[in-house]
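Chains, contacts and geometry: an overview
Chain residues, written in single-letter form:
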Amino acid sequence: MRSKEKDMTWYVGLLEKGLSLAGDFLGYLREKESNSFALASETNSKLAHAIDDVAQKLDSVVSSITDKIERDQLEFLTTQAKSVHFALEFENEGMMGQTVTRLMELIGYAKNRIAEGKAEWLGPWLVAESIRLIALRRLAASEKALALVERESSVFRAALMDHCGRSIVARGNVPWVKIGEFVQGANEDVMPLIAQTLHVEEDEEDAREDAIEAGSFGHALAISKSIVAPSAGPSAAVKPALNPAAAWPFPTGSRPSK
């Protein structure tokens, strides 16, 4: 059991990287009212650095994927991230056009895997969506296009909380105001809180595994109950932070329409 878990540890780091990237990029999109946004070399450099950083992370985890089809998809995502990085470095938004289309295909693939319960695809989905939105923003050349980017950003915020927000709710002392502000596009303050829950749950899962290996099944069961989402049947025992089927529990008014 421990060896199998070790084989899957790559996705926790990638999920954390995806959350960080999403928070940073949503912040950039929120500042779209700045006329210098599309032209500032400093902004280009920051965006390029962030994408290069996540591309290197993707490179480092590809070898951990045993399924060839999924490994190919992750390698393809890495290639698209590097393409957008180069376009930003070259300061040529036109080079991003084809990449946006390819990223949409990857996003569809990641969503299908998440729907199958493969939570390890949450990280790649976050990365692909974040890079796609930044590319769309850089390509937007009209008010209509900018409105589309804003709408896509709102949908992404809602979907992100659907997939990753339940871990915060499960911990108690729910920061409803921050969650509401995030969904409404006011800030990204809730993102570090989601990332923090990943480390807490990873530590708890390690403690459960240690208890099982030591033969302390009663202690292991108690730990398991503390990190598993409320059961709706035999298949519901999944960790809340990585549950892709999370309901919409946030009292923030109407959910953004898709």
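Rules of the game
- Residues numbered from 1 in each chain as written.
- Predicted model: local features only at pLDDT ≥ 70, side-chain atom pairs only at ≥ 80, totals over all residues.
- Heavy atoms only, no water.
- Helix = DSSP H or I, 4+ residues; strand = E, 2+ residues; numbered from the N terminus.
- Buried < 20%, exposed > 50% of the residue type's maximum accessible area, 1.4 Å probe, protein only.
- Contact = heavy atoms within 4.5 Å.
- pLDDT = per-residue confidence, 0-100.
- Expected span 1.5 Å × (residues − 1).
- Phe/Tyr/Trp six-rings, centres within 6.5 Å; stacked < 30°, edge-to-face > 60°.
- Lys NZ or Arg CZ within 6 Å of the ring centre and 35° of its normal.
- Axes fitted to C-alpha atoms, helices over the stretch in contact; angles between N-to-C directions.
- Parallel < 35°, antiparallel > 145°, perpendicular 65-115°, else oblique.
- Left-handed = near helix turned anticlockwise from the far one by under 90°.

1. Focus on the environment of alanine 186
- Checked against the element boundaries, alanine 186 lands in the loop between helix H9 (176-183) and helix H10 (191-214).
- The class of alanine 186 is partly exposed, set by a relative accessible area of 43%.
- Sequence separation between alanine 186 and glycine 27 is 159 residues; the distance between their C-alpha atoms is 9.1 Å.
- In this view, alanine 186 contacts Arg30 and Glu181; residues no more than four positions away in its chain are not counted.

2. Comments concerning the confidence of the model for the chain
- For the chain, mean pLDDT is 74; residues scoring 70 or higher make up 68% of the total.
- Between residues 1-7, whose pLDDT stays under 50, and residues either more than four places distant or in other chains, the model counts 10 contacts.
- In this model, residues 206-212 is a region of pLDDT below 50 whose contacts with residues beyond four sequence positions or in other chains number 18 contacts.

3. Comments concerning helix H6 (residues 122-139)
- Its 18 residues give H6 an end-to-end C-alpha distance of 26 Å, which sits within 8% of 26 Å, the value for a rise of 1.5 Å per residue.
- Of all the 18 residues making up H6, 17 are buried; the element is thus mostly covered by neighbouring parts of the structure.

4. Some thoughts on the packing of aromatic side chains
- Within the structure shown, the criterion is met by four aromatic pairs.
- Pairing tryptophan 125 with phenylalanine 156 gives two aromatic rings, centres 5.5 Å apart and planes at 80 degrees, and the pair type is edge-to-face. Placement of the pair is tryptophan 125 in helix H6 and phenylalanine 156 in helix H7 (residues 143-164), with a sequence separation of 31 residues. The residues tryptophan 125 and phenylalanine 156 share a single accessibility class, namely buried.
- For the cation-ring pair, arginine 113 lies above tyrosine 109, with the distance from its terminal atom to the ring centre recorded as 4.5 Å.
- We note arginine 157 situated over the ring of phenylalanine 182; from NZ or CZ to the ring centre the distance is 4.9 Å.

5. Observations regarding the packing of helix H5 (residues 97-115) against H6
- At their nearest, the axes of H5 and H6 sit 9 Å apart, and the two run at 155 degrees to each other. Classified by the angle their axes make, H5 and H6 are roughly antiparallel. In the crossing of H5 with H6, the sense of the turn from one axis to the other is left-handed. Of the residues in H6, those in contact with Gly97, Val100, Leu103, Met104, Ile107, Ala110, Lys111 and Ile114 of H5 are Leu122, Trp125, Ala128, Glu129, Ile131, Arg132, Ala135, Leu136 and Leu139.

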